[in-house]
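Architecture at a glance
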Amino acid sequence: MTRKVILDVDTGSDDAVAIMLAALHPAIDLLAVCSVKGNQSLKSTTENTKKVLDLVNSKTPLYQGCKEAFVREVCPWRIKFEDRATIVDEEGKEHFIHEDFDMLPKSDRKVEDMPASIFYVDYLKNAKEPVTIVAVGPLTNLAVALAIDPSITKNIEELVLMGGADDEANATSSAEFNFFNDPESAQKVFQSGIKKITLCPLDVTHKTMVTKDDCKRFEEIGTPAAKFAIDMCLKRIEVHTQRQPLTLPDACALHDPLCVAYLIDPSVLTDVRYLHLDISLDGLTDGATIIDHRYFQDNRNVYIAYDGDRKKFVDIMCDAFKLSK
Ligand code: BDR
Ligand code: CA
């Protein structure tokens, strides 16, 4: 059975792979893609998204979303992003893990007239059947939509998120990038009453690594999607090796496509716990996930993945990349 999916992205190297997986895999009916500011400015994330949709010949409409976070920009006293994951190459040139996709042809694709948040309200109010949303950037688009019309939750079958961390962090000493960049939006989403929220935090994405050997499998597939995934992974592997080594050598976390892979085969997540999660909005823990593990608590609001099957994850991507022409 195919899942009807709206994908919200801040493209971004790993977002790009999530887009390709969602657009190509037959188990996903990709209804729309929404862009948001995050890994880069809204202009860059939108341009990158257009190019990736072109690369996989997708006709899926693209809605441009929010240019800035819900509140953060009007709070100059809040702590700033600490780690712009960059590496310096042999020629002394600095590379960011999420660059503009200048290696892809310029795209003539038009973005839809409606802003992404208005699209969510319009589509979800009138939806004939429930929809799954996968959001792998800051949650601003969805939070604005919920602020306009909280009743849209009734047509959201499941919300799958990449964000947060229990025992890890990347943006600050305690917070993960997506939630740190727009903590108020993340809080709004977790308090919205959406029927089912499934979260892939850094705890699982740092375990479901993609290695240089996996890139060799992509190379054998050799399609445009497989080749672009190699580009994205090799740069990410370099960054991880230099700045944030994982438990396997020559490996990277490829966070965002894991959420899409979960929709294709839920068993890719292997240790999923139903817990209560809140977002800190203050001080040193700004944007951090506060997860309640107490046995007796009865206000659980999210299924959190702590482990996954990395081989299955790579197999799922290979299946999709084979379909790229
Ligand atoms: C998340 O932050 C972004 O940089 C990635 O695209 C991913 O969504 C990981 O913390
Ligand atoms: Ca992302």
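Residues numbered from 1 in each chain as written. Chains lettered and ligands numbered in written order. Predicted model: local features only at pLDDT ≥ 70, side-chain atom pairs only at ≥ 80, totals over all residues. Heavy atoms only, no water.

**Looking at the coordination of the calcium ion (ligand 2)**
Only Asp10 (OD), Asp15 (OD), Asp15 (OD), Val136 (O) and Asp256 (OD) from the protein coordinate the calcium ion (ligand 2), and they sit 2.3 to 2.7 Å from it. The sequence pattern formed by the donor residues of the calcium ion (ligand 2) is D-x4-D-x120-V-x119-D. One end of the pair, Asp15, is in helix H1 (residues 13-24); the other, Asp256, is in the loop between strand E10 (251-252) and helix H10 (257-264), with 241 residues separating them in the sequence. Just as Asp15 is buried, Asp256 falls in that class too. (Donors = N, O, S within 2.8 Å, 3.2 Å for Na, K, Ca; no water. Helix = DSSP H or I, 4+ residues; strand = E, 2+ residues; numbered from the N terminus. Buried < 20%, exposed > 50% of the residue type's maximum accessible area, 1.4 Å probe, protein only.)

**Considering the nonpolar core**
Met20, Phe218, Met317 and Phe321 are the most contacted members of the largest nonpolar core, which has 61 residues in total. What Met20 contacts, discounting residues up to four positions off in sequence, is Val52, Leu55, Val56, Ala225, Phe228, Ala229 and Phe321. Counting 35 residues, the second largest nonpolar core, distinct from the first, contains Tyr120, Ile133, Ile156 and Ile194. (Core = buried A, V, L, I, M, F, W, Y, C linked by side-chain atoms within 4.5 Å. Contact = heavy atoms within 4.5 Å.)

**Observations concerning the environment of Lys51**
On the secondary structure map, Lys51 appears in helix H2 (residues 42-55). Here Lys51 is in contact with Phe101, Asp102, Leu104, Pro105, Lys106 and Ser107, once residues within four sequence places are set aside.

**Comments concerning the site of ligand 1**
In the vicinity of ligand 1 there are 13 residues, among which Asp14, Asn39, Asn170, Glu176 and Asp256 approach most closely. In this structure, an oxygen atom belonging to ligand 1 sits 2.9 Å away from a main-chain N or O atom of Val136. In this structure, Asp256 approaches ligand 1 through a side-chain N or O atom, which is 2.6 Å from an oxygen atom. When ligand 1 sits alone it has 280 Å² of accessible area, and the protein chains cover 95% of it. Only H1 and helix H5 (177-181) provide two or more residues apiece to the shell around ligand 1. Per-class residue counts for the shell around ligand 1 are four nonpolar, five polar and four charged. (Near = heavy atom within 4 Å. Polar contact = N/O pair within 3.5 Å; in protein donor to acceptor, adjacent residues only side chain to side chain. Areas by Shrake-Rupley, 256 points an atom, 1.4 Å probe, with all protein chains shown as cover. Nonpolar A, V, L, I, M, F, W, Y, C, P; charged D, E, K, R; others polar.)

**Observations concerning the pairing of strand E1 (residues 3-9)**
In terms of burial, E1 is a largely internal element, six of the seven residues being buried. Both E1 and strand E2 (residues 28-35) contribute to a ladder of seven bridges, which runs parallel. Within E2, the residue paired with Val5 across the bridge is Leu30. By the bridge criterion, four bridges tie E1 to strand E6 (residues 131-135) in an arrangement that is parallel. Note that in E6 the partner of Leu7 across the bridge is Val134. (Pairing = 2+ DSSP bridges.)

**Notes on the side chain of Thr60**
Here Thr60 is to be found in the loop between H2 and strand E3 (62-64). A distance of 3.4 Å separates a polar atom in the side chain of Thr60 from the backbone oxygen of Leu30. A polar atom in the side chain of Thr60 sits 2.9 Å from the side chain of Ser58. Ignoring sequence-local partners within four residues, the contact set of Thr60 consists of Leu30, Leu31, Ala32, Val33, Leu53 and Arg109.

**Here we look at the pairing of E6**
The buried fraction of E6 amounts to five of the five residues, a majority that puts the element mostly inside the structure. Side-chain alternation along E6 places Val131, Ile133 and Ala135 on one buried face and Thr132 and Val134 on a second face that is also buried. Here E6 runs beside strand E7 (residues 156-162); their pairing, made up of five bridges, is parallel. Each bridged residue has a counterpart across the sheet, and for Thr132 the counterpart in E7 is Glu158.

**Quick look at the environment of Ile197**
Checked against the element boundaries, Ile197 lands in strand E8 (residues 197-200). For Ile197, a relative accessible area of 1% puts it in the buried group. It is 9.6 Å that separates the C-alpha atoms of Ile197 and Ile133, two residues lying 64 residues apart in sequence. With sequence-adjacent residues up to four places away left out, Ile197 is seen in contact with Leu159, Leu161, Val189, Phe190, Asn301, Val302 and Tyr303.

**Let's talk about the packing of helix H3 (residues 116-126) against helix H4 (residues 140-148)**
Viewed as axis vectors pointing N to C, H3 and H4 meet at an angle of 50 degrees, and their least axial separation amounts to 8 Å. By the angle between their axes, H3 is oblique relative to H4. The chirality of how H3 crosses H4 is right-handed. Where H3 approaches H4, its residues Ala116, Ser117, Ile118, Tyr120 and Val121 are matched on the opposing element by Thr140, Asn141, Leu142, Val144, Ala145 and Ile148. Tallied by class, residues from the contact of H3 with H4 come to eight nonpolar, three polar and no charged. (Axes fitted to C-alpha atoms, helices over the stretch in contact; angles between N-to-C directions. Parallel < 35°, antiparallel > 145°, perpendicular 65-115°, else oblique. Left-handed = near helix turned anticlockwise from the far one by under 90°.)

**Notes on the packing of aromatic side chains**
We describe a pair of aromatic rings using the distance from one ring centre to the other and the angle between the two ring planes. Following the criterion strictly, the structure yields seven aromatic pairs and no others. An angle of 80 degrees between the planes, with centres 5.2 Å apart, marks the rings of Phe101 and Phe228 as edge-to-face. Linking Phe101 in the loop between strand E5 (94-96) and H3 with Phe228 in helix H9 (residues 224-243), this pair joins segments that are 127 residues apart in sequence. Of the two residues examined, Phe101 and Phe228, each falls in the buried class. (Phe/Tyr/Trp six-rings, centres within 6.5 Å; stacked < 30°, edge-to-face > 60°.)

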